[in-house]
Amino acid sequence: MRIRPLDLVAPALLAALLVGCGGAAPAAREPAAPAAPVDTAMAPSMQPEFDAPQEEGRAAAAAEKAEEADASGAPAVAAAPPPPASPPPSPAAPSAGATAAGKPEARRSVAGAAPAPKKVSAPAPVAAPRPAAPPAAIAVTAPEPQGSESYRDYGVNPVEDPAKDRLSTFAIDVDTASYAIARRKILDGALPPYQAVRAEEFLNYFDYGYASPTAGPFAVHLAAAPSPFTVGHHLVRVAVQGKRVPVKERTPVHLVYLVDTSGSMHAPDRIELAKKSLRMLTESLKPGDTVALCTYAGSVREVLAPTGIESKGKILAAIADLTAGGSTAMASGIDLAYSLAERTLVKGHINRVVVLSDGDANVGPTSHEEILKTIKRARDKGITLSTVGFGQGNYKDVMMEQLANQGDGNYAYIDSEAQARRVFSEQVGGMLQVIARDVKIQVEFDPSFVKSYRLIGYENRNVADRDFRNDKVDAGEIGAGHSVTAIYDVELKDAALRGAGAAPVVVRLRHKAPLGSDVAEETLVKMAPGAIAPTFDAAPADLRFASAVAGFSEILRHSPHARSWRLSDVEKIARAAASSKGDQQEFIGIVRRAGALAGGKTDAVAARGAD
């Protein structure tokens, strides 16, 4: 802190300060933060451009971006004007390395600079007789810095030649936060940073109405159609639908709510929305379930010991009393949550910690590595972890996503009461009932029928092909009613289009039962020749809508494979394929607004809640 020398302070003011007249000290001046990519609705001009080079030429010259805008529709990668008052941001350099499968992966983080606090002017000196002793001061925690969101770019999967590598292997992912974050930013008038877009979380946000399995934990649905984006290519959809479990048949659950009550959560769309979410989750529980509640800020606190749902009023009262203020000791909070979870740990039941936070951790042992090690140890004991994100401006997506990945749980983002109802009421069965563990998918492309293939998304879920049958390798879990969708961009040979010979695509799933043995079971499904539609319009509506979602994510994340794709085409496809479901109808409006933003028509974007 830089303080004005005493010999420069007016004697009268100095005397007033010494006798306790309440003069305010000059505000601390923080050093200027270095320029960094900022992603908020207030600064759409900071939309990052293509970053460092990748295998498939992800880096693009600024001149190439100008060619993308034409009369058919604006792409979501329109170049933004440079900030007027500061040099362009410098994203963090990608890590040199590769995925476990040996496929390229670029990793970067984006963090916005925290604004400096405003100066507080000292009152004018006042000559006065010695006053009575002032009341005891009440310490008030300073608000946490805003504008420091962080995301990680996991790169874009390359095009593969099946003659050299015919296997594509990845772990299940049923997270949906990325789409909810992007939707909020678009509705608030800004395109999301490309690092925030994970294609698989866009795809898995939607309910496509896949048929439930007739036997076993899940069903696999395969379909393909000519690509509406690239002439000569096809889109292949691999869909997995988990069985639905009636509430009365659900396994008992023991939940620990771990709530971030730090100063950064002090906003209606944070702590109050978190409390509404927990009330919805509590109302969905049944006799035999238990709930514990703890919080973390500058310190951690056990608010409610494990309590049976029969005492629902006591649980709801504890939730209602939550308030925010303080710094963020996330690591200590997680330790306390796991100690509470161990009190009700029952083998064969669902034992889960649910973290509600903006992901910011600034006090104590906060390194990702230490927290992730703690979560892994608890997971091995049978305690899983899900994360639920809130807020923007200082949101830490990287932290929240990695916590859920390591904890074998789900990651959701809540930006409204409607979204809270969707996650904690309408789709809560997927969180409360696990039907399969360590689920891996391996898709085999026959080089006799396939020229090339590329998986859209799941870059941070890659599994080495050799580890598909290694049951010690951790993977994802499927909850009751969960569906998983993957889209491949492929080039098929004529033999595949004629329907001659063997199946061009074979899918294998490997999973462990939710309880009991750690030996996995394997399922094999072949694509029938008739599953390839002759035209895109002849394909099933669910495939066509999923294609629109995949195209939207590819454009928003600046995929080098989507430079010629248009948001106007995405909107047209979605409009023709969407069902009457609210989320699909909303998607059409989101794409239209993104197109307006990409074209610089910020005044054409309606306010949140319209449409």
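What counts, and where the lines are drawn
Residues numbered from 1 in each chain as written. Predicted model: local features only at pLDDT ≥ 70, side-chain atom pairs only at ≥ 80, totals over all residues. Heavy atoms only, no water. Helix = DSSP H or I, 4+ residues; strand = E, 2+ residues; numbered from the N terminus. Areas by Shrake-Rupley, 256 points an atom, 1.4 Å probe, with all protein chains shown as cover. Pairing = 2+ DSSP bridges. Axes fitted to C-alpha atoms, helices over the stretch in contact; angles between N-to-C directions. Contact = heavy atoms within 4.5 Å. Salt bridge = Lys/Arg side-chain N within 4 Å of Asp/Glu carboxyl O. Buried < 20%, exposed > 50% of the residue type's maximum accessible area, 1.4 Å probe, protein only. Core = buried A, V, L, I, M, F, W, Y, C linked by side-chain atoms within 4.5 Å. 1 Å grid on protein atoms, 1.4 Å probe; cavity = no way out; pocket = protein on both sides within 12 Å on 5 of 7 lines; lining within 4 Å. Points joined across faces, edges and corners; volume = space filled by probe spheres on them. Nonpolar A, V, L, I, M, F, W, Y, C, P; charged D, E, K, R; others polar. Phe/Tyr/Trp six-rings, centres within 6.5 Å; stacked < 30°, edge-to-face > 60°. Lys NZ or Arg CZ within 6 Å of the ring centre and 35° of its normal. pLDDT = per-residue confidence, 0-100. Expected span 1.5 Å × (residues − 1). Parallel < 35°, antiparallel > 145°, perpendicular 65-115°, else oblique. Left-handed = near helix turned anticlockwise from the far one by under 90°.

## Regarding the overall build of the protein chain
Turning to step 1, where the next piece is worked out: A count of helices and strands for the protein chain gives 15 helices and 17 strands.
Turning to step 2, where the next piece is worked out: Looking at the protein chain as shown, the accessible area adds up to about 25,600 Å², and 56% of this sits on carbon and sulfur atoms.

## Structural notes on the sheet that holds strand S15 (residues 483–492)
Turning to step 1, where the next piece is worked out: One open sheet holds the 4 strands; their spatial order is S4-S5-S15-S13, and the pairing between them is antiparallel. Edge positions in the sheet fall to strand S4 (218–226) and strand S13 (450–456), since each of these pairs with one other strand and no more. Strand-to-strand twist of the sheet, defined as the mean angle between neighbouring strand axes without regard to direction, takes the value 25°.
Turning to step 2, where the next piece is worked out: Strands S4, strand S5 (234–242), S13 and S15 of the sheet are contacted by helix H13 (residues 541–556), whose axis makes an angle of about 80° with S15.

## Re the pattern of salt bridges
Turning to step 1, where the next piece is worked out: Applying the stated criterion across every chain, the model contains 38 salt bridges.
Turning to step 2, where the next piece is worked out: A salt bridge links Arg 184 to Asp 188; the shortest N-O distance between them is 3.7 Å.
Turning to step 3, where the next piece is worked out: With a relative accessible area of 8%, Arg 184 lands in the buried category.
Turning to step 4, where the next piece is worked out: A network of salt bridges, in which partner residues are shared, links Arg 184, Asp 188, Asp 269, Arg 270 and Asp 358.

## Let's talk about the nonpolar core
Generally speaking, a soluble globular protein has its nonpolar side chains buried in company with each other.
Turning to step 1, where the next piece is worked out: Ranked by internal contacts, the top residues of the largest apolar core, which has 47 residues, are Phe 545, Phe 552 and Phe 587.
Turning to step 2, where the next piece is worked out: Among the secondary structure elements, those contributing two or more residues to this core are helix H3 (177–187), helix H4 (199–203), S4, S5, H13, helix H14 (567–577) and helix H15 (582–598).
Turning to step 3, where the next piece is worked out: In this view, Phe 545 contacts Phe 206, Tyr 208, Ala 574, Ala 577, Ala 578, Gln 584 and Phe 587; residues no more than four positions away in its chain are not counted.
Turning to step 4, where the next piece is worked out: Val 174, Ala 224, Val 238 and Ala 486 belong to the second-largest nonpolar core, a separate cluster that totals 36 residues.

## A short note on the pairing of strand S8 (residues 300–308)
Turning to step 1, where the next piece is worked out: Where strand S7 (residues 290–296) meets S8, 6 bridges bridge the pair, whose relative direction is antiparallel. Note on S8: the bridge partner recorded for Val 291 is Thr 307.
Turning to step 2, where the next piece is worked out: Once S7 ends, the chain turns through 3 residues before running back antiparallel as S8.

## As for the environment of Tyr 179
Turning to step 1, where the next piece is worked out: Tracing the chain through its elements places Tyr 179 in helix H3.
Turning to step 2, where the next piece is worked out: Measuring from C-alpha to C-alpha, the distance between Tyr 179 and Phe 206 comes to 9.7 Å, with 27 residues separating the pair along the chain.

## Observations regarding the environment of Gly 551
Turning to step 1, where the next piece is worked out: Here Gly 551 is to be found in helix H13.
Turning to step 2, where the next piece is worked out: In the structure, Gly 551 is positioned 18 residues away from Asp 569 in sequence and 9.0 Å away in space, judged by C-alpha atoms.
Turning to step 3, where the next piece is worked out: In this view, Gly 551 contacts Phe 229, Trp 565 and Val 570; residues no more than four positions away in its chain are not counted.

## Side note on the pairing of strand S16 (residues 505–512)
Turning to step 1, where the next piece is worked out: The buried fraction of S16 is high, at 8 of 8 residues.
Turning to step 2, where the next piece is worked out: Of the two faces of S16, both are covered, the one formed by Val 505, Val 507, Leu 509 and His 511 as well as the one formed by Val 506, Arg 508, Arg 510 and Lys 512.
Turning to step 3, where the next piece is worked out: As paired elements, strand S12 (residues 434–445) and S16 share 7 bridges and run antiparallel to each other. Bridge pairing in S16 links Arg 437 to Lys 512.

## Focus on the layout of surface pockets
Turning to step 1, where the next piece is worked out: Counted as a void, the largest pocket has a volume near 1,100 Å³.
Turning to step 2, where the next piece is worked out: Forming the boundary of the largest pocket are 48 residues, of which Tyr 205, Gln 419, Arg 422, Gln 427 and Asp 583 lie nearest the centre.
Turning to step 3, where the next piece is worked out: Of all the secondary-structure elements, those providing two or more residues to the lining of the largest pocket are H3, strand S11 (411–413), helix H10 (417–426), helix H11 (429–432) and H15.
Turning to step 4, where the next piece is worked out: Element by element, the count of residues in the lining of the largest pocket is highest for H15, at 9 residues.
Turning to step 5, where the next piece is worked out: For the lining of the largest pocket, a count of residues per class yields 14 nonpolar, 18 polar and 16 charged.
Turning to step 6, where the next piece is worked out: The volume enclosed by the second largest pocket comes to roughly 760 Å³.
Turning to step 7, where the next piece is worked out: Lining the second largest pocket are 27 residues, and of these Arg 379, Asp 380, Gly 382, Arg 437 and Pro 514 lie nearest its centre.
Turning to step 8, where the next piece is worked out: Elements with a contribution of two residues or more to the lining of the second largest pocket: strand S9 (350–357), helix H8 (368–381) and S12.
Turning to step 9, where the next piece is worked out: Per-class residue counts for the lining of the second largest pocket are 7 nonpolar, 6 polar and 14 charged.

## Topic: the sheet that holds S8
Turning to step 1, where the next piece is worked out: In space, the 6 strands of this open sheet follow the order S8-S7-S6-S9-S10-S11, with mixed pairing throughout. If you trace the sheet from one side to the other, it starts and ends with S8 and S11, each paired once. Strand-to-strand twist of the sheet, defined as the mean angle between neighbouring strand axes without regard to direction, takes the value 15°.
Turning to step 2, where the next piece is worked out: As judged from the 7 bridges shared by strand S6 (residues 253–260) and S9, these two strands associate in the parallel manner. Across the sheet, the residue bridging to Leu 255 is Arg 352, located in S9.
Turning to step 3, where the next piece is worked out: Sitting on the sheet, helix H9 (residues 397–406) touches S9, strand S10 (383–389) and S11, and the angle it makes with S10 is about 155°.

## Thoughts on the packing of aromatic side chains
Turning to step 1, where the next piece is worked out: Evaluation of the coordinates by the stated rule reveals 19 aromatic pairs.
Turning to step 2, where the next piece is worked out: Measuring from centroid to centroid gives 5.5 Å for Tyr 208 and Tyr 210, while their planes differ by 25°, and the two rings are stacked. The pair formed by Tyr 208 and Tyr 210 is uniform in burial state, with each residue classed as buried.
Turning to step 3, where the next piece is worked out: Pairwise contacts between aromatic rings join Tyr 179, Phe 202, Tyr 205, Phe 206, Tyr 208, Tyr 210, Phe 545, Phe 552 and Phe 587 into one cluster.
Turning to step 4, where the next piece is worked out: Arg 422 extends its terminal NZ or CZ atom over the ring of Tyr 205, reaching a point 3.8 Å from the ring centre.

## Details of unusual backbone geometry
Turning to step 1, where the next piece is worked out: The residue Asp 408 is not glycine, and still its phi comes out positive at about 55°.
Turning to step 2, where the next piece is worked out: Residue placement: Asp 408 occurs in the loop between H9 and S11.
Turning to step 3, where the next piece is worked out: A relative accessible area of 13% places Asp 408 in the buried class.
Turning to step 4, where the next piece is worked out: If you check the backbone angles, Tyr 458 has positive phi at about 65° while not being a glycine.
Turning to step 5, where the next piece is worked out: Relative to the assigned elements, Tyr 458 resides in the loop between S13 and strand S14 (476–479).

## Digging into the confidence of the model for the protein chain
Close inspection of predicted coordinates is inappropriate for parts of the model with low pLDDT.
Turning to step 1, where the next piece is worked out: Scored by pLDDT, the protein chain comes out at a mean of 79, with 72% of its residues at no less than 70.
Turning to step 2, where the next piece is worked out: Contacts for the low-pLDDT stretch residues 76–131, under 50 throughout, to residues beyond four places or in other chains number 111 contacts.
Turning to step 3, where the next piece is worked out: Contacts from residues 603–611, a stretch scored under 50 in pLDDT, to residues over four places away or in other chains number 17 contacts.

## Description of H13
An α-helix turns once per 3.6 residues; consequently, residues spaced three or four apart project the same way.
Turning to step 1, where the next piece is worked out: Given a rise of 1.5 Å per residue, 16 residues ought to cover 22 Å, and the 23 Å separating the end C-alpha atoms of H13 matches this to within 8%.
Turning to step 2, where the next piece is worked out: Immediately downstream of H13, the backbone of His 558 shows phi near 60°, a positive value.

## Examining the packing of helix H5 (residues 268–283) against H10
Turning to step 1, where the next piece is worked out: Where H5 contacts H10, the two axes come as close as 9 Å, and the packing angle between them is 30°. Overall, the two elements H5 and H10 adopt an arrangement that is roughly parallel. Read as a crossing pair, H5 and H10 show a hand that is right-handed. Counting all contacts with H5, which are made through Leu 273, Lys 276, Ser 277, Met 280 and Leu 281, the residues of H10 involved are Glu 417, Ala 420, Arg 421 and Phe 424.
Turning to step 2, where the next piece is worked out: Residues belonging to the contact of H5 with H10 are distributed by class as follows: 5 nonpolar, 1 polar and 3 charged.

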